[in-house]
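Coordinates in review
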Amino acid sequence: MQEQATDRAGAAVVLDDLAEPRFGREAQELLGSVESIAELCPLDAGALHAQASAELGLDDFGPRDYLGRMDLLLECYRSLPGLSPAGQVNLYLQFLQLLKNRLLLADLLRREPAVLETELVPPVIIAGLPRTGTTHLQQLLAATGLFRTLPYWESLEPFPLPTERGTEPDPRIARTAVAMDAMYTALPHFILMHEMDGPEHVHEEIALLANDFSTMYFETLTDVPGWVDHYLSHDQAPHYGYLRVQLQALQHMEGSSLRGGRRWLLKSPQHLEQLPVVAEVFPEATVVITHRDPAHVVTSLATMVAYTERMFRAAPLDPPATGRRWADRLGVMLDALLRDRDVLGPDTSMDLPFDTFMADQEGALERVLALAGEEFTPSARAGAVEYLASHARGHLGRIDYRPEGVGLDPDELAERFAPYSERFLAHAG
């Protein structure tokens, strides 16, 4: 395939095809089959709504304010230089699923209005830049069994089709497994960047935020500056409110058999720049903010986005442009954190530097649970210990993240992010 060979003992994968992607035979066959249906997948709001309604036999998409945001996103993607046929199909299918999720939620609310009376215990929320240990902390907390979590399959299809309600095993799990197999065929090194243990992998709720067509998720796919400007200039509280309703709906559908614990465990880097909104929509939530050297974070994240962009754009790609874009974007996020961190008080929030977390993971877990008012029971500890034993850092292999590969200079990044580092990392221990 690409890059140098790697093994789990230590040799790292060097991504040397970011600008001119090389695909293996299976990936080429997969992409070829997808490209053959591109003409049937127009990035057109009318076509997408019509297909979603036809598939489900429903026509109520809920509050209509999302239409303008959806139109803007579609225009941004249609105007994308080098949008590939496979990228067009990928986007079409994603938008189609988002619309189907809206239809199913609106139908549930119509049939069962008591959804909106469902009590949500203040959740535990993890916020932090990508690559700062947010996923590892989320998985570790989930392993305790104390929280209601969102498996990957449920994040993609949160509400079952009417014809599939009560079916065991849930058909959504199998559909997600097929999608994951396709993803890893096309992007075999993605698992080294973001490990996912199959469809049941505990995922973040940014996929639920996407159902209201307002989230930074859309900019992680590729360069959509028009969307970023819109997202940053608009209050996100209404969309977090839509997220809250979805959590109520998921909890309501389970009734007394609530899966996992009595409160939600949430996580997304997006929350880092939305702390006032988080505090407004989820009052009394426990918030854990993770921190890590921004130079490493930007290099790692930009490399990951540059690698996955091959799924949307034709070669040649521009990894240095991706690096500059994400250095700027993470700068915006960290400026928001510096401005808003004190919105959250010490009784409901804590800062967790990555190095501190890695040095004593059980200790960090115990402190988080204490802050959240959760008892670290023997069974919870056993679950965490088992998870740590099977998920040692780098156990699947690792990527050699090179700043020059995405046009970044570590010294410039260190200077640029000095105010953040001074406040959150200089005195960590």
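Right above here is the structure, for reference.
Notes on the structure follow. (Residues numbered from 1 in each chain as written. Predicted model: local features only at pLDDT ≥ 70, side-chain atom pairs only at ≥ 80, totals over all residues. Heavy atoms only, no water.)

Before going further, it helps to spend a moment on the overall build of the chain. What the chain contains, in helices and strands, is 19 helices and 4 strands. A compact globule built from 429 residues would reach a C-alpha radius of gyration of about 22 Å, and the chain, at 21 Å, matches this within 12%. Along the first, second and third principal axes, the C-alpha atoms of the chain reach 55 × 50 × 40 Å. Buried residues in the chain amount to 56% of all 429 residues. The long-range share in the chain, meaning contacts at least 24 apart out of those at least 6 apart in sequence, stands at 82%. Here the chain displays about 17900 Å² of accessible surface, and carbon together with sulfur accounts for 54% of that area. The centroid of the 35 positive side-chain charges in the chain is displaced by 2 Å from the centroid of its 63 negative side-chain charges. (Helix = DSSP H or I, 4+ residues; strand = E, 2+ residues; numbered from the N terminus. Rg over C-alpha atoms; globule rule 2.2 N^0.38 Å. Buried < 20%, exposed > 50% of the residue type's maximum accessible area, 1.4 Å probe, protein only. Contact = heavy atoms within 4.5 Å. Areas by Shrake-Rupley, 256 points an atom, 1.4 Å probe, with all protein chains shown as cover. Lys, Arg positive; Asp, Glu negative; His and termini not counted. Charge placed at Lys NZ, Arg CZ, Asp CG, Glu CD.)

Tracing the sequence through the fold places His 136 in helix 5 (residues 134-143). Each residue touching His 136, except ones within four places of it in the same chain, is listed here: Phe 357, Met 358, Gln 361, Tyr 387, Leu 388 and His 391.

The next subject is the environment of Met 183. Within the element layout of this structure, Met 183 appears in helix 7 (residues 171-186). When the C-alpha atoms of Met 183 and Leu 232 are compared, they prove to be 30 Å apart, with 49 residues separating the residues in sequence.

Interaxial distance between helix 13 (residues 294-308) and helix 14 (residues 319-340) falls to 9 Å at its minimum, and their mutual angle equals 130 degrees. Classified by the interaxial angle, the pair formed by helix 13 and helix 14 is oblique. As for how helix 13 packs across helix 14, the hand of that crossing is right-handed. Together, Pro 294, Val 297, Val 298, Leu 301, Ala 302, Val 305 and Ala 306 of helix 13 and Pro 319, Thr 322, Gly 323, Arg 325, Trp 326, Ala 327, Leu 330 and Leu 334 of helix 14 make up the contact between the two elements. (Axes fitted to C-alpha atoms, helices over the stretch in contact; angles between N-to-C directions. Parallel < 35°, antiparallel > 145°, perpendicular 65-115°, else oblique. Left-handed = near helix turned anticlockwise from the far one by under 90°.)

With that settled, consider empty space enclosed by the protein. Within this structure, the stated rule accounts for 1 cavity of 30 Å³ or more. Each pocket or cavity is described by its volume, and for the largest cavity that value is around 40 Å³. Lining of the largest cavity is provided by Leu 104, Leu 108, Arg 111, Phe 159, Pro 160, Arg 165 and Met 253. Per-element accounting of the lining of the largest cavity gives the leading share, 3 residues, to helix 4 (residues 85-111). For the lining of the largest cavity, a count of residues per class yields 5 nonpolar, no polar and 2 charged. (1 Å grid on protein atoms, 1.4 Å probe; cavity = no way out; pocket = protein on both sides within 12 Å on 5 of 7 lines; lining within 4 Å. Points joined across faces, edges and corners; volume = space filled by probe spheres on them. Nonpolar A, V, L, I, M, F, W, Y, C, P; charged D, E, K, R; others polar.)

Below, the discussion takes up the sheet that holds strand 3 (residues 286-291). Strand order across the open sheet formed by 4 strands is 2-1-3-4, with parallel pairing between neighbours. If you trace the sheet from one side to the other, it starts and ends with strand 2 (263-267) and strand 4 (349-353), each paired once. Averaged over all neighbouring strand pairs, the angle between strand axes comes to 15 degrees, with direction disregarded. Here 5 bridges tie strand 3 to strand 4, and the two strands are oriented parallel to one another. When the bridges of strand 4 are listed, His 291 appears paired with Pro 353. Contacts from helix 16 (residues 361-372) reach strand 1 (121-128), strand 2, strand 3 and strand 4 within the one sheet, and its direction differs from that of strand 4 by about 170 degrees. (Pairing = 2+ DSSP bridges.)

This brings us to the packing of helix 2 (residues 45-56) against helix 4. The interhelical angle for the contact between helix 2 and helix 4, taken along N-to-C directions, is 55 degrees, at an axis separation of 9 Å. For the element pair helix 2 / helix 4, the angle class is oblique. The two elements helix 2 and helix 4 cross, and the hand of that crossing is right-handed. Across the interface between the two elements, Ala 47, Leu 48, His 49, Gln 51, Ala 52, Ser 53, Glu 55 and Leu 56 of helix 2 pack against Tyr 92, Phe 95, Leu 96, Leu 99, Lys 100, Leu 103 and Leu 104 of helix 4.

This brings us to the packing of aromatic side chains. What describes a pair of aromatic rings is the distance from one ring centre to the other and the angle between the planes of the rings. Counted according to the given criterion, the structure contains 8 aromatic pairs. Taken together, a centroid distance of 6.4 Å and an interplanar angle of 0 degrees make the contact between Phe 213 and Phe 218 stacked. Side by side, Phe 213 and Phe 218 carry an identical accessibility label, which is buried. Geometrically, the ring pair formed by Tyr 217 and Phe 218 is edge-to-face, given 5.6 Å between the ring centres and 65 degrees between the ring planes. Residue Tyr 217 is classed as partly exposed on the basis of its relative accessible area of 23%. Every member of this aromatic cluster is reached through a ring pair, and the members are Tyr 66, Tyr 77, Phe 95, Phe 213, Tyr 217, Phe 218 and Trp 227. For Arg 292, the ring lying beneath its charged end belongs to Phe 354, and the centroid distance is 3.7 Å. (Phe/Tyr/Trp six-rings, centres within 6.5 Å; stacked < 30°, edge-to-face > 60°. Lys NZ or Arg CZ within 6 Å of the ring centre and 35° of its normal.)

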